[in-house]
Amino acid sequence: MIGWLQGQLTHPWQQEKRFGLMLVCQGVGYDVQVSQRQWQQLPEAGSAMALHIHHAIRDDAWMLYGFAERPERDLFRELVAVSGIGPQMALGLLGAMDTAELVQAIVHTDLRRLCQAPGVGKRTAERLAVELRTRLQQRFLGQLEASSDPDSLADGVMLPAAGRDEVQLTLAALGYEALEIHRALRAVAAGGLAEGAGAEDWIRESLRWLSRQVA
């Protein structure tokens, strides 16, 4: 299975509501589909780039879906595991909001926010929130129970108490272990995040640090 590709962007393309690119890796061109938000942020043709890949195998085709960060790919996999949520709808959700925003919308059952994604109606949003919210919350609680002291995740980190739970919940829901979250928060704090930064700023900077840890 293909999980990551690094090469040269040669041909961004759009086919109706689908967006993608050709990524040439050592003389082989891979056709990779991406979200509209990511497609709009692509560098110029000829630029070097790397993508985390979800490799879907169907009877009639092998499909590659690309993501700039591993957490986004992992969330895509969670989305398509929900009944009635196919790859195109999952890309639509990821194109409508960033990873942290989407996780928060699911965990907090923000149907209005979820319904802003193309093709997502109220019933689909409800099913998405119910199925994924439970799974993500269980994952988060399981990680907290594995720690002898839940508050120790933020020990020594200048993170406002009001936003600490939201940051930990979001990162844990994306699949990160307690130790990874602890290290990320310390790294962000050491990086000198602006005083008064909110939970979204901590989440964004933590995800950037975590994505750089992928070999």
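What you see is a predicted model; the values in this text were computed from it and never measured.

Caption draft 1: Representation of a nonpolar patch on the surface in the model. On the surface, Met1, Ile57 and Trp62 cluster together into a nonpolar patch covering about 440 Å² of accessible area. Tracing the chain through its elements places tryptophan 62 in strand β5 (residues 62–67).

Caption draft 2: Main features of the nonpolar core. Ranked by internal contacts, the top residues of the largest apolar core, which has 45 residues, are Leu79, Leu93, Leu102, Leu114 and Leu128. Secondary structure elements with two or more residues in this core: β5, α2 (70–80), α3 (87–96), α4 (99–107), α6 (122–145), α7 (161–173), α8 (178–190) and α9 (199–212). By residue number, the principal contributor to this core is α4, which donates six residues. Other than its neighbours up to four places away in sequence, leucine 102 contacts Leu75, Leu79, Leu93, Leu94, Met97 and Leu114. Leu5, Leu21, Val32 and Val34 belong to the second-largest nonpolar core, a separate cluster that totals 12 residues.

Caption draft 3: Structural view of α8. With 13 residues, α8 extends 18 Å between its outermost C-alpha atoms, agreeing within 8% with the 18 Å of an ideal straight helix rising 1.5 Å per residue. Those residues of α8 that fall on the buried side of the exposure criterion are Ala178, Ile181, His182, Ala184, Leu185 and Val188. Relative to the axis of α8, the buried residues are bounded by an arc of 165 degrees and lie together on one face. Positive backbone phi, approximately 80 degrees, marks glycine 192, located one or two places after α8.

Caption draft 4: Structural detail: the environment of methionine 49. One can find methionine 49 in strand β4 (residues 48–57). The residues contacting methionine 49, other than those within four sequence positions of it, are Leu5, Gln6, Gly7, Leu9, Leu21, Leu23 and Leu42.

Caption draft 5: Local environment of the environment of valine 80. Mapped onto the elements of the fold, valine 80 is located in helix α2. On the accessibility criterion, valine 80 (27% relative accessible area) is partly exposed. Considering only alpha carbons, one finds valine 80 and leucine 128, 48 residues apart in sequence, at a separation of 9.9 Å. In this structure, valine 80 is in contact with Ile85, Gly86, Pro87 and Ala90, ignoring residues within four places of it in sequence.

Caption draft 6: View of unusual backbone geometry. We note that glutamate 16 has phi near 55 degrees; this positive angle belongs to a residue other than glycine. A relative accessible area of 74% means that glutamate 16 is categorised as exposed. Phi at threonine 109 is positive, roughly 50 degrees, even though this residue is not glycine. Note on placement: threonine 109 falls in the loop between α4 and α5 (111–114).

About the cut-offs
- Residues numbered from 1 in each chain as written.
- Predicted model: local features only at pLDDT ≥ 70, side-chain atom pairs only at ≥ 80, totals over all residues.
- Heavy atoms only, no water.
- Patch = residues over 30% accessible without salt bridge, like charges linked within 9 Å, V, L, I, M, F, W, Y side chains within 5 Å.
- Areas by Shrake-Rupley, 256 points an atom, 1.4 Å probe, with all protein chains shown as cover.
- Salt bridge = Lys/Arg side-chain N within 4 Å of Asp/Glu carboxyl O.
- Helix = DSSP H or I, 4+ residues; strand = E, 2+ residues; numbered from the N terminus.
- Core = buried A, V, L, I, M, F, W, Y, C linked by side-chain atoms within 4.5 Å.
- Buried < 20%, exposed > 50% of the residue type's maximum accessible area, 1.4 Å probe, protein only.
- Contact = heavy atoms within 4.5 Å.
- Expected span 1.5 Å × (residues − 1).
- Arc of directions from axis to C-beta.

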